[in-house]
Amino acid sequence: MSIKVTNISKIYGEQKALNDVSFEVNTGEIVGFLGPNGAGKSTMMKILTCFIPQTSGTATVFGFDVAEQSLEVRKNVGYLPEHNPLYLDMYVKEYLEFIGGLHHLKNINSRIAEMIEMTGLQIEQKKKIGALSKGYRQRVGLAQALIHDPKVLILDEPTTGLDPNQLEEIRNLIIQVGKEKTVMLSTHIMQEVEAVCDRVIIVNNGQIVANDKTSIIQKTQTQNKQFITVEFDKETSRNSLKTITDVYDAKNISGNSWQIEALSNKDIRTDIFQFAVKNGLIVLTLHKEEQRLEDVFKHLTK
Ligand SMILES: Nc1ncnc2c1ncn2[C@@H]1O[C@H](COP(=O)(O)OP(=O)(O)O)[C@@H](O)[C@H]1O
Ligand SMILES: [Mg+2]
């Protein structure tokens, strides 16, 4: 086990940011910490990286207690904070040398070269950080988080603010690095979790509302819920569509197209078809939508 969090709460003055949170992260996993703004994601990450103390509860990283053994924790953890604070006046290599020095690395120059290669910074390595694009600054942030070869990586919204190309590059980099490390990354982007994470922990108002394999969450949270888009050749009404067994709502999309919402264990497309026959309607199109993690997220954090 890489990370073990037990009944952690954090209160800032009067603001309760985390409320009795417990979870574990297994070695080698990439776990997504997903939640709306203000959910408590950054707070949890700051506690795990020994930047702030919890109000109550315990947390360990590789068995080291974050409050009692902070040096050991920091040796094992690489951290990319939210908004990636960097010294813009420093050159890329100069900055990595500075960070390597803080970690007392012996083989500093070879390690910098390895990091530059690993994070794809070769063509920008001679520039000042202030001259880099956001995507390349994130690479510098990842390089500094990785330079001491930590076993655990904690990345706070590593792709926020990137353009679609940069976003994909950074995600791929995280997936690649994640093959050899335990990674916990926070995000409010659902697709990111789907693209990158083995498991997702959803937080809302300082509490965990879901914690499971990404694929399982998509299934179990939405098992019985069905969204079906159907187009008829003629007019019908919301109320008559609601007479179909298990249908609880129908929304008119445009013309004679409807989005039908149902709660049922069986596929209700046959019932819709029978409804059409009974009412003298012809089904022009019929489409069952796959539930997305985005809907799960909205449902759980509303
Ligand atoms: N230093 C602080 N002082 C007071 N309240 C804070 C502080 N940091 C965070 N908070 C509050 O704690 C809650 C959780 O914040 P945060 O952990 O940053 O959430 P997230 O990263 O999920 O957006 C928010 O309501 C935020 O306003
Ligand atoms: Mg945050």
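Parameters at a glance
Residues numbered from 1 in each chain as written. Chains lettered and ligands numbered in written order. Predicted model: local features only at pLDDT ≥ 70, side-chain atom pairs only at ≥ 80, totals over all residues. Helix = DSSP H or I, 4+ residues; strand = E, 2+ residues; numbered from the N terminus. Rg over C-alpha atoms; globule rule 2.2 N^0.38 Å. Contact = placed C-beta atoms within 7 Å. Domains from an automatic or database assignment. Nonpolar A, V, L, I, M, F, W, Y, C, P; charged D, E, K, R; others polar.

A tally of helices and strands in the protein yields 11 helices and 14 strands. Scaling as 2.2 N^0.38, a compact globule of 302 residues should have a C-alpha radius of gyration of about 19 Å, whereas the protein reaches 24 Å, well beyond that. Here the C-alpha coordinates of the protein stretch approximately 80 × 45 × 35 Å along the principal axes. Residue pairs at least 24 apart in sequence account for 67% of intrachain contacts in the protein once pairs closer than 6 positions are excluded.

What follows covers the domain arrangement of the protein. Structurally, the protein comprises domain 1 (3–220) and domain 2 (225–301). With 12 residues of domain 1 at the interface, the matching set in domain 2 holds 7 residues. Counting residues per element, the ones that place at least two in the side of domain 1 that touches domain 2 are α7 (190–196), β9 (199–204), β10 (207–213) and α8 (214–220). Among the elements that make up the side of domain 1 that touches domain 2, the one with the highest residue count is α7 (3 residues). In terms of residue class, the side of domain 1 that touches domain 2 is built from 8 nonpolar, 3 polar and 1 charged.

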